[in-house]
Amino acid sequence: RRGWTSPIPCARMFGGIFGGSDPRLSQIAGLEAAFPAAQCKQADKSLYDLPFNVGNLPYTLRIFLPPKFPDVPPVLQLLKPLKHEWVNQYNQVVGHAYLSPGTWSSHFELAQLVKEVLDELIKTPNTGGSSDMPPIRNTGIGYGQVSIPDPVAAIPRPHEVNGMRGGGGSGGSGGGGGDGGGGGGSGGERPPR
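All values reported here derive from a predicted model rather than from experimental measurement.

What follows is about the sheet that holds strand β4 (residues 75-78). In space, the four strands of this open sheet follow the order β1-β2-β3-β4, with antiparallel pairing throughout. Looking at which strands have only one partner, the edges of the open sheet turn out to be β1 (39-40) and β4. Here β1 pairs with strand β2 (residues 47-54) via two bridges, running antiparallel. From the neighbouring strand, C40 faces β2, where its bridge partner is Y48. Helix-sheet contacts for helix α3 (residues 110-123) involve β2, β3 (57-64) and β4, and the interaxial angle to β2 is about 30°.

Structure below.
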């Protein structure tokens with residue numbers, strides 16, 4: 001018949017309403033139904049921000065769905081640090097059993113995972129994790145980016161190490177230089193070898 005198209009694309013487009021089934025869209029529909037406050041950040045529905053509170057402190061859980069989701073696990077990341085045993089140094093939630101390496105199944109429900117993660121983070125904050133989380137920087141990659149620590153910001157400046165400048169001696173005589181040699185001088189330069 002002319003002008004007639006298969007209902008399969010529509011079924012995929014609407015997440016299985018018409019009898020077809022796209023697991024990715026079904027998972028997304030379940031997330032949106034369970035968490036109406038989740039804000040979709042990408043037109044392809046690959047990135048959501050979900051605000052929540054721990055006590056009186058506001059947090060945001062970022063939910064990134066890779067292109068191969070639900071065959072691969074989602075990435076759950078807090079947009080600001082929260083000290084918790086389930087949260088790694090990059091603010092990614094890694095402690096839930098579904099998120100352990102090699103355990104993800106496409107049959108796991110995304111909405112249930114997010115509910116359990118939020119319940120845990122709200123119920124038992126400050127239970128571990130890295131207490132010396134490095135500063136976070138935006139990678140500038142764009143779509144689906146993940147914030148990573150800034151390695152340069154984590155390096156102490158010379159004046160922050162034992163009150164010394166430049167890695168040299170204390171400016172007096174005999175006060176050992178940065179390389180173990182004799183001290184003296186301005187403290188910022190090594191004597192010629």
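The next point concerns the nonpolar core. For soluble globular proteins, nonpolar side chains are generally found buried alongside one another. Among the nonpolar cores identified, the biggest contains 27 residues, and L61, I63, L76, V93 and V114 are the most heavily contacted of them. Listing elements by their share of this core, those giving two or more residues are α2 (23-34), β2, β3, β4 and α3. If you tally residues by element for this core, the top one is α3, at six residues. When near neighbours in sequence (up to four residues on either side) are disregarded, L76 contacts L61, R62, I63, N91, Q92, V93, L99, L113, V114 and V117.

A word on the pattern of salt bridges. Under the definition given, this model contains four salt bridges. Note that E120 is salt-bridged to K123, the shortest N-O span being 3.8 Å. Separated by three residues within a single helix, E120 and K123 lie in helix α3, roughly one turn from each other. Using a relative accessible area of 13% as the deciding quantity, one classes E120 as buried. With relative accessibility at 60%, the residue K123 sits in the exposed group.

Next up on the list: the environment of L110. Tracing the backbone through its elements, the reader meets L110 in helix α3. Considered as a pair, L110 and Q27 are 83 residues apart in the sequence and their alpha carbons are 6.0 Å apart. Here L110 is in contact with Q27, L31, I63, L65, F69 and P74, once residues within four sequence places are set aside.

A separate point is the environment of L118. You can see L118 is positioned in helix α3. For L118, a relative accessible area of 8% translates into the label buried. A sequence separation of 68 residues divides L118 from L50, and the C-alpha atoms of the two residues are 9.8 Å apart. In contact with L118, not counting residues within four places along its chain, are F35, L50, F52 and L61.

Take the pairing of β2 next. The element β2 is largely enclosed, with a buried count of six among its eight residues. Between β1 and β2, which pair antiparallel one after the other, the connecting turn spans six residues, and K45 there sits at a positive phi close to 60°. Two elements, β2 and β3, share eight bridges in a ladder whose sense is antiparallel. Looking at β3, one finds that D49 is bridged to R62.

This brings us to the pairing of β3. Joining the antiparallel neighbours β2 and β3 is a turn of two residues, in which G55 adopts a positive phi near 65°. Here four bridges tie β3 to β4, and the two strands are oriented antiparallel to one another. Residue pairing in the sheet places F64 in a bridge with V75 of β4.

Thresholds, definitions, all that
Residues numbered from 1 in each chain as written. Predicted model: local features only at pLDDT ≥ 70, side-chain atom pairs only at ≥ 80, totals over all residues. Heavy atoms only, no water. Pairing = 2+ DSSP bridges. Helix = DSSP H or I, 4+ residues; strand = E, 2+ residues; numbered from the N terminus. Contact = heavy atoms within 4.5 Å. Axes fitted to C-alpha atoms, helices over the stretch in contact; angles between N-to-C directions. Core = buried A, V, L, I, M, F, W, Y, C linked by side-chain atoms within 4.5 Å. Buried < 20%, exposed > 50% of the residue type's maximum accessible area, 1.4 Å probe, protein only. Salt bridge = Lys/Arg side-chain N within 4 Å of Asp/Glu carboxyl O.

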